[in-house]
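# A closer look at the structure
Single-letter residue listing:
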Amino acid sequence: MSQQLVLASNNAKKASEMQTLLAPLGVEIVLQAQLGVTEAEEPHFTFIENALVKARHAAAVTGLPAIADDSGLCVAALGGAPGVHSARFAGEPKSDERNNQFLLERLSGAPEDKRDAWYYCCLVLVRHADDPCPMIADGQWHGFILDAPRGEGGFGYDPLFWLPELEKSAAELDPAHKNDLSHRGTAMRRLLERLQEQPLFKVPEQPLNGYRFRS
């Protein structure tokens, strides 16, 4: 029987990427919306803090282990922006197309050597909402920002994220190749190493040696 793991996101493409990576461990990724979980607030300035908030929220509502990914694009010339605001860089409602256009406007006229950027991903996995030892893994993926979109695949800023060693944008990579290289793929592999050492477990419903887990 597979172990369900709630993804604290409603991004189906992100879920698909994670499912591919976790399938060998017998883990089934379930989007939080399928279990009636609303999106958590993300009030913090760092990826790790926001990922932890989202994971604990999903675990508290469902009673299942939960994983949260907080990731985004950091551009050197913009002081690391859009960073944690990557999904809503151009405001509400969220739109990849508007975010990409806004980024191009912010970098208008910037020379190639000022367009360095990196994707960053922080993954947090909690076995239950009060898990005192969450599993944390991160990854980075370096490239630079094009002056026009290229490619139809991926999501987010992938059409603008150029990989000079491959002479392709992230949106021109097939999914398997992207998983091998990406910030999320790197973070997932690091998390997989930890999961092999510390597998998921269910919190006992009855007190254990006199200690009762908080609900």
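A brief structural summary. Remember, predicted model here, so these are calculated numbers, not experimental data. (Residues numbered from 1 in each chain as written. Predicted model: local features only at pLDDT ≥ 70, side-chain atom pairs only at ≥ 80, totals over all residues. Heavy atoms only, no water.)

Time to look at the overall build of the protein. Secondary structure assignment for the protein yields 5 helices and 7 strands. Listing each helix as α and each strand as β along the protein from the N terminus yields β-α-β-α-β-α-β-β-β-β-α-α. Taking 2.2 N^0.38 as the reference for a compact globule, 215 residues should give roughly 17 Å; the C-alpha atoms of the protein span a radius of gyration of 18 Å, in line with that estimate. Judged by the C-alpha coordinates and their principal axes, the protein covers about 65 × 35 × 25 Å. Counting only contacts in the protein whose residues sit at least 6 apart along the sequence, the fraction spanning at least 24 positions is 60%. (Helix = DSSP H or I, 4+ residues; strand = E, 2+ residues; numbered from the N terminus. Rg over C-alpha atoms; globule rule 2.2 N^0.38 Å. Contact = heavy atoms within 4.5 Å.)

Another aspect to go through is the packing of aromatic side chains. Within the structure shown, the criterion is met by 5 aromatic pairs. Ring pairs connect the aromatic residues Tyr119, Trp141 and Phe161, which therefore count as one cluster. (Phe/Tyr/Trp six-rings, centres within 6.5 Å; stacked < 30°, edge-to-face > 60°.)

Okay, helix α5 (residues 183-197) next. Over its 15 residues, α5 runs 22 Å from end to end, which matches the ideal 21 Å to within 8%, given 1.5 Å per residue. Turning to α5, its buried residues are His183, Arg184, Gly185, Thr186, Ala187, Met188, Leu191, Leu192 and Leu195. (Expected span 1.5 Å × (residues − 1). Buried < 20%, exposed > 50% of the residue type's maximum accessible area, 1.4 Å probe, protein only.)

This part covers the environment of Asp138. Note on placement: Asp138 falls in strand β5 (residues 135-145). Placed 51 residues apart in sequence, Asp138 and Arg189 show a C-alpha to C-alpha distance of 9.5 Å. For Asp138, the residues in contact, after removing those within four places along its chain, are Tyr120, Cys121, Cys122, Thr186, Ala187 and Arg190. Separated by 2.9 Å, the side chains of Asp138 and Tyr120 make a polar contact. (Polar contact = N/O pair within 3.5 Å; in protein donor to acceptor, adjacent residues only side chain to side chain.)

A few words on the layout of surface pockets. The calculated volume of the largest pocket comes to roughly 840 Å³. For the largest pocket, the lining is made up of 37 residues, of which Lys14, Ser71, Ser86, Ala87 and Lys94 are closest to its centre. Mapped by element, the contributors of at least two residues to the lining of the largest pocket are α1 (12-22), α2 (47-62), β3 (66-75), α3 (96-106) and α5. The element that contributes the greatest number of residues to the lining of the largest pocket is β3, accounting for 5 residues. In terms of residue class, the lining of the largest pocket is made up of 9 nonpolar, 14 polar and 14 charged. (1 Å grid on protein atoms, 1.4 Å probe; cavity = no way out; pocket = protein on both sides within 12 Å on 5 of 7 lines; lining within 4 Å. Points joined across faces, edges and corners; volume = space filled by probe spheres on them. Nonpolar A, V, L, I, M, F, W, Y, C, P; charged D, E, K, R; others polar.)

Attention shifts here to the pairing of strand β2 (residues 27-31). With 4 of 5 residues buried, β2 lies mostly within the body of the structure. As defined by bridge partners, strand β1 (residues 3-7) adjoins β2 across 5 bridges and the pair is classed as parallel. Across the sheet, Val6 pairs through a bridge with Val30, a residue of β2. (Pairing = 2+ DSSP bridges.)

On to unusual backbone geometry, then. Across the junction of Ala81 and Pro82, the peptide omega takes the value 0 degrees, indicating a cis bond. Here Pro82 is to be found in the loop between β3 and α3.

Here the focus is α1. By the burial criterion, the buried members of α1 are Lys14, Ala15, Glu17, Met18, Leu21 and Leu22. End-on, the buried residues of α1 take up no more than an arc of 160 degrees, which puts them together on one face. For α1, exposure combined with an orientation more than 90 degrees from the buried face picks out Ala12 and Thr20. The inward-facing, buried residues of α1 abut β1, β2, β3, β4 (116-126), α4 (175-181) and α5. Where α1 begins, the capping side chain belongs to Asn11, and its oxygen is found 3.0 Å from the backbone nitrogen of Lys13. (Arc of directions from axis to C-beta.)

That is the geometry; function is a separate question.
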